[in-house]
Amino acid sequence: MKERLTEYVVKAVEQVCGDYGRAGEPVPAVVLEQPKEKKFGDFATNIAMQLAGVLKKNPREIAAAIKAQLENLPDIELVSIAGPGFINMTLSRASWQQRLGVICRQGRRFGDLDYGAGRRVMVEFVSANPTGPLHIGHGRGAAVGDSLARILRKAGFTAITEYYVNDAGNQMETLGRSLLWRYRELLGESLGDYPETFYQGDYLIELAKQFLQEKGNVLEDADPEDKVGEFTEYASRVILDGIRDDLAGFGIHFDNWASEKSFFQDGKVDDVIRELRHREMVYEQDDALWFASSRMGDEKDRVVVRSNGVKTYFASDIAYHKDKHDRGFDWMIDVWGADHHGYVPRIKAALQALGIDESCFSVVLVQLVSLLRDGQPVAMSTRAGQFVTLREVVDEVGKDAARFFFLMRRPDSHLDFDLELAKSQSNENPVYYVQYAHARICSILRKSSEAGIRVLQVNQADLSLLTSAEEIEMIKKMDSFPHVVETAARYLEPHRITYYVSDLAAMFHSYYNKNRVISDDRDLTGARLILITALRQIFQLGFDLLGIDAPTSM
RNA sequence: GGGCAAUUAGCUCAGUUGGAUAGAGCGUUGGCCUCCGGAGCCAAAGGCCGCAGGUUCGAAUCCUGCAUUGCCCGCCA
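Residues numbered from 1 in each chain as written. Chains lettered and ligands numbered in written order. Predicted model: local features only at pLDDT ≥ 70, side-chain atom pairs only at ≥ 80, totals over all residues. Heavy atoms only, no water.

(A) Focus on the sheet that holds strand 2 (residues 43-45). A sheet is described by the order of its strands in space; here 4 strands give the open sequence 1-2-4-3, paired in antiparallel fashion. Taken across any chain shown, the strands that pair with only one partner, and hence form the sheet edges, are strand 1 (32-33) and strand 3 (76-82). Of the strand pairs in this sheet, strand 2 and strand 4 (residues 86-91) are connected by 3 bridges, and their pairing is antiparallel. Residue pairing in the sheet places Phe43 in a bridge with Met89 of strand 4. (Pairing = 2+ DSSP bridges. Helix = DSSP H or I, 4+ residues; strand = E, 2+ residues; numbered from the N terminus.)

In structure tokens form, the structure reads like this:
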């Protein structure tokens, strides 16, 4: 609707500019918005004020000229000028009724945009080190990343999801040594206090038991030092499998898993360092090799090869991001914890140094989650190894509630996650509210089917019977769905979808309480069944973008 | 000390990227089932958009300064 109307206005603006002898001059883009106040109509534009400077005319005069062009066009019922020069347009009721037919006929394709124009985008998220189970913070990143990929696909991008496994570096050795220690304790050795620098948490004790059960005593005639590698390999493999399971339970399946270790093994890290050297973007100092990121806007230079010869995590990360680009992705989106925000400039600097336009790289920073229970903070301390795992949360509140809560706020906004609230089956709980709307619609459709009422084809129903303000408002809301998808994609903000489905649910619940869909009036019933069928479709599309189910009964 | 971000109703947060009288949920108060699912609906109260300047037709939104809060500042990952 908006698109068609925008075209109208663009043409009117061209005409008016011509009349003023300014044809072909650059003019500001025509932007339509939906006014907050209903009395200002369905769409409004400030183009007359924008043109005032270009045409050197009074904005209201320009608005009047544009208005004259717009009147009597199909669909447009009323054009008015308000305030300093806003042009408010009201569409005819019939045009909205027809719009409902279009929405129905498009079905699942409604809201499919060509905004992305098929461009290839990679969304990388979670990417937690395989040193322990996923916790609730990872859960938020997972929900955001997965939802973003879904939204981007809807918006016309080709989106691939990827998990980058940090399976290299000294943390891996620490993990192996941690497991080895737990294992030896299990065998009855007294080794003293468990080192603070080792990975805390009982999961390693469990893992040690599992190791013992599977492999028995592997230290009988071996030096424990020689076995660190085996323990490392075992721990990271089992933990990564666990992470995979946890994500599957959360409804998340990655298209691809990338291994940091493989970038070292394939020589890609060396290659990228060589290229940086060739481009004279690195230098040696204090026996280490530094990347001159400060030349590209970073605060200071960063080490890529330490003085002991070991390449840093940053070095492999450069190779990884270059590899993404080389794989043909037009846009790389990384979802990171907000505590890593300082890391953004150095990756951008690295891309720039490699001659890659940094604008193809975006980072979505996800803020911490505060876990509450009945409003009281739940103690969480990674140091003591006491964290609430994603699995525990999903087991307790369910996949849908967890995902919905994670997507209720802007990613970079702090999030309070109340376990009791997420579990409660009451009006306090927003996820039940929206799912209930869908279930209710399904219930009505079941009822009508039981009563032997045939749901008519769209073109058989008389949609002109949908005359109430609530009905037209709901059609308008449904009509705005594509726009919501587009802005969610543009700004990488899934919460816009969450708000949208909540709004739509509120409109439907309110409508339901005032009106009966199934009545003695056969024609009206037919039209209203079309209306709620369309609503059900929109809920399903919205839920799909959030990764939650659309229950037919609850 | 430097950097990044935040500050909107009692609480938790939206705010269409500069638009018209700033919105929602929860909480509070009071109403609504003879009826398609009450996991719902309706209504009321609640605001100096942190403070002070600036930019312009117009600012919660952009700029500057200040205050407060969080995060980051390793040859860890």
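(B) Representation of the sheet that holds strand 15 (residues 415-418) within the structure. Spatial strand order, 14-13-15: 3 strands in an open sheet with mixed pairing. The open sheet has two free edges, formed respectively by strand 14 (376-377) and strand 15, since each of these has just one partner strand.

(C) Representation of the nonpolar core. Of all hydrophobic cores here, the largest spans 141 residues; its most connected members are Ile66, Leu70, Leu152, Phe406, Phe417 and Met478. Both domains that furnish three or more residues to this core are identified here as domain 1 (2-91) and domain 2 (426-546). Discounting chain neighbours no more than four positions away, the residues touching Met478 are Leu100, Ile103, Phe110, Tyr500, Leu504, Leu531, Ala534, Leu535 and Ile538. By size, the runner-up hydrophobic cluster in this structure holds 34 residues, among which are Val269, Leu289, Ala353 and Cys360. (Core = buried A, V, L, I, M, F, W, Y, C linked by side-chain atoms within 4.5 Å. Buried < 20%, exposed > 50% of the residue type's maximum accessible area, 1.4 Å probe, protein only. Domains from an automatic or database assignment. Contact = heavy atoms within 4.5 Å.)

(D) The arrangement of the protein's contact with RNA strand B in detail. Within the structure, RNA strand B sits among 62 residues, and Lys39, Arg306, Tyr433, Asn515 and Arg516 are positioned closest to it. The sugar-phosphate share of atoms of RNA strand B within 4 Å of the protein amounts to 62%. Between RNA strand B and Ala168, the relevant distance is 3.5 Å, taken from a sugar or linking oxygen to a main-chain nitrogen or oxygen of the residue. Between RNA strand B and the protein, one listed contact pairs a phosphate oxygen with a backbone N or O atom of Arg410 at 3.0 Å. (Near = heavy atom within 4 Å. Polar contact = N/O pair within 3.5 Å; in protein donor to acceptor, adjacent residues only side chain to side chain.)

(E) Region of the structure containing the pairing of strand 4. Sheet topology note: the strand 3/strand 4 ladder contains 6 bridges and is antiparallel. Paired with Ser80 across the two strands is Asn88, which belongs to strand 4. If you look at the hairpin formed by strand 3 and strand 4, you'll find 3 residues sitting between the two strands, and Gly83 has a positive phi there, around 55 degrees.

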